[in-house]
Amino acid sequence: MTPRTLAQKLVGRACGDPQVQPGDIVTCRVDLAMMHDSGGPRRLKPHLDSLGVRVWDPERIVVVTDHYVPATDEDSARIVRIARDWVREQGIRHFYDEQGICHVITPSHGHLRPGMFAVGGDSHSCTGGAFGAYMFGIGATEMLGVAVSGEIWLRVPHTIAMEWTGRLPGGVCAKDMMLHMCTRFGMDGGQYEAVEFCGDAVRALSMNERMTLSNMATELGAQAGLIAPDATTVQWLQAAGVPGDALHDMAQWHTDEGAPLLARHRMDAGSLAPQVSAPGSPAQAQDATAFAHERLDIAYIGACTGAKLDDLRMAAQVFRGGRKAAAGVRLMVAPASAQDQRQAADEGVLQTLVDAGAELLPNACGACAGYGANTFAPDTTAISTTARNFTGRMGAASSRVFLGSPYTVAASAITGHITDPRELLA
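Residues numbered from 1 in each chain as written. Predicted model: local features only at pLDDT ≥ 70, side-chain atom pairs only at ≥ 80, totals over all residues. Heavy atoms only, no water.

If you check an unreviewed UniProt entry, the chain appears there as 3-isopropylmalate dehydratase large subunit from Alicycliphilus denitrificans. The UniProt entry for the chain carries the following text under Subunit (unreviewed entry): "Heterodimer of LeuC and LeuD." (UniProt positions renumbered as here; feature names shortened; annotations may be inferred.)

Laid out in C-alpha coordinates, this is it:
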(Lines give C-alpha, C1' and ligand atoms only; values in the text may rest on other atoms or scores of the structure.)
Protein backbone atom coordinates (compact mmCIF):
# COMPACT_ATOMS: atom_id res chain seq x y z
CA MET A 1 0.00 0.00 0.00
CA THR A 2 1.19 3.54 -0.77
CA PRO A 3 2.67 5.26 2.32
CA ARG A 4 0.04 7.30 4.13
CA THR A 5 -0.01 10.00 6.76
CA LEU A 6 -1.72 9.52 10.10
CA ALA A 7 -4.40 11.96 8.95
CA GLN A 8 -5.06 9.92 5.79
CA LYS A 9 -5.37 6.72 7.82
CA LEU A 10 -7.80 8.25 10.32
CA VAL A 11 -9.99 9.88 7.70
CA GLY A 12 -9.76 6.78 5.48
CA ARG A 13 -11.08 4.60 8.29
CA ALA A 14 -13.96 7.02 8.95
CA CYS A 15 -15.04 7.21 5.30
CA GLY A 16 -14.41 3.55 4.49
CA ASP A 17 -11.75 4.20 1.85
CA PRO A 18 -8.15 3.55 2.97
CA GLN A 19 -6.80 5.02 -0.29
CA VAL A 20 -8.07 8.58 0.25
CA GLN A 21 -5.76 11.33 -1.00
CA PRO A 22 -5.35 14.93 0.23
CA GLY A 23 -7.95 17.09 -1.48
CA ASP A 24 -10.56 14.32 -1.83
CA ILE A 25 -14.06 15.18 -0.59
CA VAL A 26 -15.44 12.36 1.55
CA THR A 27 -18.28 11.65 3.96
CA CYS A 28 -17.13 10.36 7.33
CA ARG A 29 -18.91 8.41 10.06
CA VAL A 30 -18.59 10.20 13.39
CA ASP A 31 -17.51 8.10 16.37
CA LEU A 32 -18.07 10.85 18.93
CA ALA A 33 -19.70 14.28 19.03
CA MET A 34 -18.84 16.52 21.97
CA MET A 35 -20.67 19.71 22.83
CA HIS A 36 -20.90 22.19 25.70
CA ASP A 37 -23.59 24.40 27.16
CA SER A 38 -22.71 27.46 25.09
CA GLY A 39 -22.91 26.04 21.57
CA GLY A 40 -24.71 22.73 22.14
CA PRO A 41 -28.24 21.97 23.36
CA ARG A 42 -29.51 25.54 23.29
CA ARG A 43 -28.60 25.77 19.60
CA LEU A 44 -29.68 22.25 18.58
CA LYS A 45 -32.91 21.79 20.48
CA PRO A 46 -35.11 24.27 18.52
CA HIS A 47 -34.04 22.76 15.19
CA LEU A 48 -34.40 19.13 16.29
CA ASP A 49 -37.84 19.95 17.67
CA SER A 50 -38.91 21.66 14.45
CA LEU A 51 -37.70 18.67 12.41
CA GLY A 52 -39.37 16.24 14.78
CA VAL A 53 -36.20 14.12 15.08
CA ARG A 54 -33.91 12.82 17.79
CA VAL A 55 -30.12 12.45 17.88
CA TRP A 56 -28.73 9.60 15.79
CA ASP A 57 -27.02 7.81 18.72
CA PRO A 58 -27.14 9.15 22.30
CA GLU A 59 -24.26 6.83 23.28
CA ARG A 60 -21.93 8.69 20.93
CA ILE A 61 -22.64 12.16 22.32
CA VAL A 62 -20.84 13.84 25.24
CA VAL A 63 -22.28 17.01 26.77
CA VAL A 64 -20.37 19.17 29.26
CA THR A 65 -21.41 22.34 31.07
CA ASP A 66 -18.33 24.54 31.33
CA HIS A 67 -18.95 27.98 29.78
CA TYR A 68 -21.93 29.33 31.73
CA VAL A 69 -21.17 27.73 35.08
CA PRO A 70 -21.54 28.54 37.82
CA ALA A 71 -24.53 30.55 36.65
CA THR A 72 -24.32 34.22 37.61
CA ASP A 73 -27.60 35.51 36.19
CA GLU A 74 -30.93 34.29 34.87
CA ASP A 75 -29.73 34.07 31.28
CA SER A 76 -26.80 31.78 32.12
CA ALA A 77 -29.03 29.72 34.42
CA ARG A 78 -31.48 29.32 31.54
CA ILE A 79 -28.74 28.14 29.15
CA VAL A 80 -27.51 25.54 31.63
CA ARG A 81 -31.09 24.44 32.39
CA ILE A 82 -31.68 23.81 28.67
CA ALA A 83 -28.63 21.53 28.59
CA ARG A 84 -29.75 19.58 31.66
CA ASP A 85 -33.27 19.11 30.33
CA TRP A 86 -32.09 18.21 26.82
CA VAL A 87 -29.76 15.38 27.83
CA ARG A 88 -32.64 13.77 29.78
CA GLU A 89 -34.98 14.27 26.85
CA GLN A 90 -32.54 12.67 24.38
CA GLY A 91 -31.35 9.88 26.69
CA ILE A 92 -27.72 11.07 26.67
CA ARG A 93 -25.85 9.37 29.53
CA HIS A 94 -22.46 10.99 29.01
CA PHE A 95 -23.32 14.29 30.68
CA TYR A 96 -20.77 16.07 32.85
CA ASP A 97 -22.36 18.92 34.75
CA GLU A 98 -20.01 21.51 36.31
CA GLN A 99 -17.15 19.00 36.47
CA GLY A 100 -14.64 20.90 34.36
CA ILE A 101 -13.76 21.95 30.84
CA CYS A 102 -14.96 19.77 27.96
CA HIS A 103 -11.52 19.29 26.34
CA VAL A 104 -10.17 17.83 29.58
CA ILE A 105 -13.31 16.04 30.76
CA THR A 106 -13.90 14.09 27.52
CA PRO A 107 -10.55 12.22 27.38
CA SER A 108 -10.23 11.88 31.17
CA HIS A 109 -13.44 9.82 31.18
CA GLY A 110 -12.16 7.49 28.47
CA HIS A 111 -14.26 8.78 25.57
CA LEU A 112 -11.33 9.26 23.18
CA ARG A 113 -8.95 6.65 21.86
CA PRO A 114 -6.61 6.18 18.88
CA GLY A 115 -8.25 5.68 15.50
CA MET A 116 -11.44 7.59 16.30
CA PHE A 117 -13.02 10.30 14.17
CA ALA A 118 -14.66 12.92 16.37
CA VAL A 119 -16.06 16.44 16.26
CA GLY A 120 -16.63 19.02 18.96
CA GLY A 121 -18.69 22.17 19.17
CA ASP A 122 -15.70 24.32 20.15
CA SER A 123 -12.62 25.51 18.31
CA HIS A 124 -10.23 23.80 20.75
CA SER A 125 -11.77 20.38 20.07
CA CYS A 126 -8.55 19.54 18.21
CA THR A 127 -7.24 18.61 21.69
CA GLY A 128 -8.45 15.10 20.81
CA GLY A 129 -5.59 14.78 18.33
CA ALA A 130 -3.22 14.23 21.27
CA PHE A 131 -4.76 10.76 21.58
CA GLY A 132 -4.29 9.74 17.96
CA ALA A 133 -7.88 10.62 17.09
CA TYR A 134 -8.94 12.87 14.22
CA MET A 135 -10.92 15.54 16.09
CA PHE A 136 -11.77 19.08 15.09
CA GLY A 137 -14.19 21.87 15.94
CA ILE A 138 -17.40 22.61 14.06
CA GLY A 139 -20.17 25.19 14.31
CA ALA A 140 -23.73 24.70 15.50
CA THR A 141 -25.14 24.20 11.98
CA GLU A 142 -22.66 21.42 11.20
CA MET A 143 -23.28 19.91 14.64
CA LEU A 144 -27.00 19.76 13.83
CA GLY A 145 -26.20 17.68 10.76
CA VAL A 146 -23.98 15.37 12.80
CA ALA A 147 -26.56 15.07 15.58
CA VAL A 148 -29.20 13.91 13.09
CA SER A 149 -27.12 11.78 10.70
CA GLY A 150 -23.94 10.79 12.54
CA GLU A 151 -21.97 11.87 9.46
CA ILE A 152 -20.06 14.88 8.18
CA TRP A 153 -18.27 15.71 4.93
CA LEU A 154 -14.60 16.55 4.92
CA ARG A 155 -11.86 17.56 2.51
CA VAL A 156 -9.04 15.12 3.21
CA PRO A 157 -6.26 17.29 4.64
CA HIS A 158 -2.64 17.61 3.73
CA THR A 159 -0.22 17.11 6.63
CA ILE A 160 2.30 19.61 7.95
CA ALA A 161 4.86 17.97 10.23
CA MET A 162 6.14 20.00 13.19
CA GLU A 163 9.17 18.01 14.28
CA TRP A 164 10.84 18.85 17.58
CA THR A 165 14.26 17.30 18.13
CA GLY A 166 16.35 17.22 21.30
CA ARG A 167 15.11 17.73 24.84
CA LEU A 168 13.31 20.64 26.48
CA PRO A 169 15.37 22.44 29.15
CA GLY A 170 14.06 22.71 32.70
CA GLY A 171 11.39 25.37 33.09
CA VAL A 172 10.39 25.09 29.41
CA CYS A 173 7.26 23.19 28.35
CA ALA A 174 4.68 22.56 25.63
CA LYS A 175 3.13 26.02 26.01
CA ASP A 176 6.48 27.58 25.11
CA MET A 177 6.69 25.30 22.06
CA MET A 178 3.25 26.45 20.91
CA LEU A 179 3.84 30.16 21.43
CA HIS A 180 7.07 29.80 19.45
CA MET A 181 5.29 27.98 16.60
CA CYS A 182 2.41 30.48 16.51
CA THR A 183 4.91 33.32 16.20
CA ARG A 184 7.20 31.61 13.70
CA PHE A 185 4.46 30.36 11.35
CA GLY A 186 1.60 32.73 12.19
CA MET A 187 -1.98 32.02 13.16
CA ASP A 188 -2.70 30.76 9.67
CA GLY A 189 0.47 28.66 9.42
CA GLY A 190 -1.56 25.46 9.68
CA GLN A 191 -3.52 26.43 6.54
CA TYR A 192 -6.56 24.55 7.90
CA GLU A 193 -4.73 21.30 7.23
CA ALA A 194 -3.66 18.58 9.68
CA VAL A 195 -0.61 19.53 11.72
CA GLU A 196 1.26 16.54 13.16
CA PHE A 197 3.55 17.14 16.13
CA CYS A 198 6.42 14.67 16.15
CA GLY A 199 10.05 14.11 17.10
CA ASP A 200 11.93 13.07 20.22
CA ALA A 201 10.87 16.10 22.24
CA VAL A 202 7.17 15.46 21.53
CA ARG A 203 7.44 11.75 22.37
CA ALA A 204 9.01 12.71 25.71
CA LEU A 205 5.97 14.81 26.70
CA SER A 206 3.31 13.65 29.15
CA MET A 207 -0.27 13.33 27.88
CA ASN A 208 -1.26 16.62 29.55
CA GLU A 209 1.56 18.34 27.70
CA ARG A 210 0.62 16.70 24.40
CA MET A 211 -2.92 17.96 24.97
CA THR A 212 -1.55 21.50 25.17
CA LEU A 213 0.09 21.12 21.75
CA SER A 214 -2.99 19.66 20.09
CA ASN A 215 -5.31 22.12 21.83
CA MET A 216 -3.46 25.13 20.43
CA ALA A 217 -3.28 23.71 16.92
CA THR A 218 -6.28 25.95 16.36
CA GLU A 219 -4.15 29.02 17.22
CA LEU A 220 -1.80 27.76 14.53
CA GLY A 221 -4.66 27.75 12.03
CA ALA A 222 -4.84 23.97 11.66
CA GLN A 223 -7.98 21.86 11.42
CA ALA A 224 -6.45 19.08 13.53
CA GLY A 225 -3.36 18.73 15.72
CA LEU A 226 -2.27 15.10 15.67
CA ILE A 227 0.23 13.11 17.74
CA ALA A 228 0.86 9.44 16.99
CA PRO A 229 -0.14 7.29 19.98
CA ASP A 230 2.46 5.27 21.89
CA ALA A 231 2.98 3.58 25.26
CA THR A 232 2.43 6.92 27.05
CA THR A 233 -0.97 7.19 25.38
CA VAL A 234 -1.95 3.64 26.30
CA GLN A 235 -0.94 4.05 29.93
CA TRP A 236 -2.91 7.30 30.28
CA LEU A 237 -6.05 5.94 28.60
CA GLN A 238 -6.03 2.74 30.64
CA ALA A 239 -5.88 4.88 33.79
CA ALA A 240 -8.89 6.76 32.39
CA GLY A 241 -10.84 3.51 32.16
CA VAL A 242 -10.34 2.53 28.52
CA PRO A 243 -10.11 -1.29 28.38
CA GLY A 244 -6.91 -2.80 27.04
CA ASP A 245 -8.65 -4.62 24.19
CA ALA A 246 -9.80 -1.25 22.81
CA LEU A 247 -6.15 -0.26 22.40
CA HIS A 248 -4.84 -3.38 20.68
CA ASP A 249 -4.40 -1.96 17.15
CA MET A 250 -2.35 1.06 18.13
CA ALA A 251 0.64 0.28 15.90
CA GLN A 252 -1.14 1.32 12.70
CA TRP A 253 -1.83 4.90 13.82
CA HIS A 254 1.31 6.65 12.66
CA THR A 255 2.61 8.39 9.55
CA ASP A 256 4.42 5.98 7.25
CA GLU A 257 7.95 6.64 6.09
CA GLY A 258 7.72 8.36 2.72
CA ALA A 259 4.11 9.53 3.16
CA PRO A 260 3.30 12.78 1.34
CA LEU A 261 3.74 15.92 3.47
CA LEU A 262 2.80 19.47 2.58
CA ALA A 263 5.81 20.59 4.65
CA ARG A 264 8.13 19.46 7.42
CA HIS A 265 9.48 22.00 9.87
CA ARG A 266 12.27 21.04 12.27
CA MET A 267 12.88 22.82 15.57
CA ASP A 268 15.40 22.26 18.35
CA ALA A 269 13.74 21.88 21.74
CA GLY A 270 17.06 22.25 23.55
CA SER A 271 17.52 25.83 22.35
CA LEU A 272 14.03 27.02 23.33
CA ALA A 273 13.69 29.57 26.13
CA PRO A 274 10.48 30.35 28.07
CA GLN A 275 8.18 32.30 25.74
CA VAL A 276 5.73 35.12 26.42
CA SER A 277 3.25 36.51 23.89
CA ALA A 278 2.47 40.23 23.96
CA PRO A 279 -1.16 41.40 24.32
CA GLY A 280 -3.38 40.94 21.29
CA SER A 281 -2.23 37.64 19.80
CA PRO A 282 -0.49 34.37 20.68
CA ALA A 283 1.63 34.99 17.58
CA GLN A 284 3.59 37.80 19.25
CA ALA A 285 5.99 35.76 21.37
CA GLN A 286 9.53 36.55 22.45
CA ASP A 287 11.78 35.17 25.14
CA ALA A 288 10.28 36.01 28.54
CA THR A 289 13.25 38.21 29.38
CA ALA A 290 12.15 40.68 26.69
CA PHE A 291 9.16 41.62 28.84
CA ALA A 292 10.89 41.85 32.23
CA HIS A 293 9.86 45.52 32.56
CA GLU A 294 6.14 44.67 32.50
CA ARG A 295 4.53 45.03 35.94
CA LEU A 296 1.50 42.85 36.69
CA ASP A 297 -1.84 43.12 38.45
CA ILE A 298 -3.03 39.56 37.73
CA ALA A 299 -1.46 36.13 37.32
CA TYR A 300 -4.09 33.73 35.92
CA ILE A 301 -3.58 29.94 35.88
CA GLY A 302 -6.63 28.51 34.17
CA ALA A 303 -8.24 27.07 31.02
CA CYS A 304 -8.00 23.76 29.16
CA THR A 305 -4.62 24.91 27.86
CA GLY A 306 -3.08 25.88 31.16
CA ALA A 307 -4.67 24.39 34.28
CA LYS A 308 -4.54 20.63 33.84
CA LEU A 309 -2.88 18.55 36.54
CA ASP A 310 0.60 18.85 35.05
CA ASP A 311 0.11 22.61 34.67
CA LEU A 312 -0.80 22.93 38.36
CA ARG A 313 2.26 20.85 39.24
CA MET A 314 4.50 23.18 37.21
CA ALA A 315 3.19 26.24 39.00
CA ALA A 316 3.56 24.60 42.40
CA GLN A 317 7.16 23.70 41.59
CA VAL A 318 7.95 27.40 41.27
CA PHE A 319 6.09 28.33 44.46
CA ARG A 320 7.67 25.64 46.63
CA GLY A 321 9.77 26.75 49.57
CA GLY A 322 7.19 29.17 50.89
CA ARG A 323 7.25 31.60 47.97
CA LYS A 324 4.19 33.81 47.65
CA ALA A 325 2.59 36.06 45.09
CA ALA A 326 3.91 39.60 45.31
CA ALA A 327 1.88 42.25 47.08
CA GLY A 328 -0.61 43.76 44.65
CA VAL A 329 -0.68 40.72 42.34
CA ARG A 330 -3.93 38.79 42.27
CA LEU A 331 -3.09 35.10 41.78
CA MET A 332 -6.10 33.31 40.27
CA VAL A 333 -6.19 29.52 39.84
CA ALA A 334 -9.06 27.75 38.07
CA PRO A 335 -8.19 24.00 37.81
CA ALA A 336 -9.37 22.58 34.48
CA SER A 337 -11.40 19.80 36.11
CA ALA A 338 -12.65 18.72 39.51
CA GLN A 339 -10.76 15.46 39.04
CA ASP A 340 -7.48 17.30 38.45
CA GLN A 341 -8.19 19.52 41.44
CA ARG A 342 -8.74 16.48 43.69
CA GLN A 343 -5.50 14.89 42.50
CA ALA A 344 -3.65 18.18 43.01
CA ALA A 345 -5.05 18.31 46.54
CA ASP A 346 -3.95 14.72 47.25
CA GLU A 347 -0.42 15.53 46.10
CA GLY A 348 -0.14 18.73 48.13
CA VAL A 349 0.05 20.77 44.92
CA LEU A 350 -3.15 22.64 45.65
CA GLN A 351 -2.05 23.54 49.16
CA THR A 352 1.20 24.97 47.79
CA LEU A 353 -0.78 27.21 45.47
CA VAL A 354 -3.18 28.30 48.20
CA ASP A 355 -0.29 29.02 50.56
CA ALA A 356 1.22 31.18 47.82
CA GLY A 357 -1.94 33.31 47.89
CA ALA A 358 -3.96 31.68 45.14
CA GLU A 359 -7.65 32.42 44.90
CA LEU A 360 -9.31 29.15 43.82
CA LEU A 361 -11.95 29.58 41.12
CA PRO A 362 -14.54 27.11 39.74
CA ASN A 363 -13.59 24.25 37.40
CA ALA A 364 -14.86 26.03 34.30
CA CYS A 365 -13.80 28.15 31.34
CA GLY A 366 -14.28 31.31 33.39
CA ALA A 367 -12.21 34.31 32.37
CA CYS A 368 -10.81 32.50 29.32
CA ALA A 369 -14.29 32.62 27.80
CA GLY A 370 -14.92 36.13 29.13
CA TYR A 371 -17.62 34.86 31.46
CA GLY A 372 -18.44 35.39 35.12
CA ALA A 373 -17.34 37.65 37.93
CA ASN A 374 -13.59 37.09 37.50
CA THR A 375 -12.93 38.70 34.16
CA PHE A 376 -10.25 41.37 34.00
CA ALA A 377 -11.05 44.94 34.99
CA PRO A 378 -10.22 48.01 32.90
CA ASP A 379 -6.58 49.06 32.68
CA THR A 380 -5.21 45.94 34.38
CA THR A 381 -2.18 43.98 33.18
CA ALA A 382 -2.25 40.19 33.41
CA ILE A 383 -0.19 37.17 32.46
CA SER A 384 -2.23 34.08 31.73
CA THR A 385 -1.84 30.38 30.85
CA THR A 386 -4.81 30.56 28.46
CA ALA A 387 -4.57 29.89 24.71
CA ARG A 388 -5.66 33.33 23.54
CA ASN A 389 -5.12 36.93 24.52
CA PHE A 390 -7.23 38.78 21.96
CA THR A 391 -8.20 42.29 22.99
CA GLY A 392 -11.29 42.21 25.22
CA ARG A 393 -11.58 38.42 25.29
CA MET A 394 -10.92 38.03 29.00
CA GLY A 395 -12.54 41.24 30.21
CA ALA A 396 -12.28 44.94 29.54
CA ALA A 397 -10.84 45.98 26.18
CA SER A 398 -8.36 48.20 28.03
CA SER A 399 -6.92 45.24 29.97
CA ARG A 400 -3.60 43.89 28.68
CA VAL A 401 -3.07 40.12 28.69
CA PHE A 402 0.29 38.41 28.14
CA LEU A 403 0.47 34.64 27.58
CA GLY A 404 2.96 32.29 29.20
CA SER A 405 3.45 28.81 30.59
CA PRO A 406 2.41 27.81 34.13
CA TYR A 407 6.09 28.06 35.09
CA THR A 408 6.30 31.60 33.74
CA VAL A 409 2.99 32.76 35.20
CA ALA A 410 3.95 31.46 38.65
CA ALA A 411 7.40 33.06 38.54
CA SER A 412 5.90 36.35 37.37
CA ALA A 413 3.34 36.27 40.20
CA ILE A 414 6.17 35.98 42.72
CA THR A 415 8.27 38.87 41.38
CA GLY A 416 5.37 41.10 40.35
CA HIS A 417 6.72 41.47 36.82
CA ILE A 418 7.16 39.11 33.85
CA THR A 419 9.97 36.75 34.76
CA ASP A 420 11.91 33.90 33.18
CA PRO A 421 10.98 31.00 35.52
CA ARG A 422 14.47 29.54 35.29
CA GLU A 423 15.64 32.38 37.53
CA LEU A 424 13.58 30.86 40.35
CA LEU A 425 13.94 27.19 39.44
CA ALA A 426 17.75 27.21 39.31
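Once the structure has been displayed, the description carries forward.
A closer look at a nonpolar patch on the surface
On the surface, a cluster of nonpolar side chains totalling about 220 Å² of accessible area is made up of Leu-51, Val-53 and Val-148. Tracing the chain through its elements places Leu-51 in helix α2 (residues 41-51). (Patch = residues over 30% accessible without salt bridge, like charges linked within 9 Å, V, L, I, M, F, W, Y side chains within 5 Å. Areas by Shrake-Rupley, 256 points an atom, 1.4 Å probe, with all protein chains shown as cover. Salt bridge = Lys/Arg side-chain N within 4 Å of Asp/Glu carboxyl O. Helix = DSSP H or I, 4+ residues; strand = E, 2+ residues; numbered from the N terminus.)

Some details on the layout of surface pockets
Where empty space is left becomes clear once a probe the size of a water molecule has been rolled over the atoms. Its volume calculated, the largest pocket comes out at about 460 Å³. As for the largest pocket, its lining consists of 24 residues, of which Glu-196, Cys-198, Arg-203, Thr-255 and Arg-264 are closest to the centre. Counting only elements with at least two residues in the lining of the largest pocket, the list comes to β8 (159-165), β9 (194-198) and α7 (200-203). Ranked by the residues each element gives to the lining of the largest pocket, the list is headed by β8, at 5 residues. (1 Å grid on protein atoms, 1.4 Å probe; cavity = no way out; pocket = protein on both sides within 12 Å on 5 of 7 lines; lining within 4 Å. Points joined across faces, edges and corners; volume = space filled by probe spheres on them.)

Comments concerning the packing of aromatic side chains
Think of a pair of aromatic rings as described by two things: how far the centres are apart, and how the planes are tilted against each other in angle. Per the stated rule, a full pass over the model turns up 7 aromatic pairs. Seen from their ring centres, Phe-117 and Tyr-134 are 5.9 Å apart, and the 5° between their planes marks the pair as stacked. Residue Phe-117 is located in strand β5 (residues 117-120), and its partner Tyr-134 is located in strand β6 (residues 134-137); the two are separated by 17 residues in the primary sequence. Looking at Tyr-134, the relative accessible area reads 0%, which means it is buried. Between Phe-131 and Trp-236, the aromatic rings sit 5.2 Å apart at their centres with planes inclined by 50°, giving tilted as the arrangement. Of the two residues, Phe-131 sits in the loop between β5 and β6 while Trp-236 sits in helix α9 (residues 231-239), which places them 105 residues apart along the sequence. Accessibility expressed as a relative area gives 0% for Phe-131, which makes it buried. Residue classification places Trp-236 among the partly exposed residues on the basis of a relative accessible area of 23%. Within the aromatic cluster, the residues linked to one another by ring pairs are Phe-117, Tyr-134 and Phe-136. (Phe/Tyr/Trp six-rings, centres within 6.5 Å; stacked < 30°, edge-to-face > 60°. Buried < 20%, exposed > 50% of the residue type's maximum accessible area, 1.4 Å probe, protein only.)

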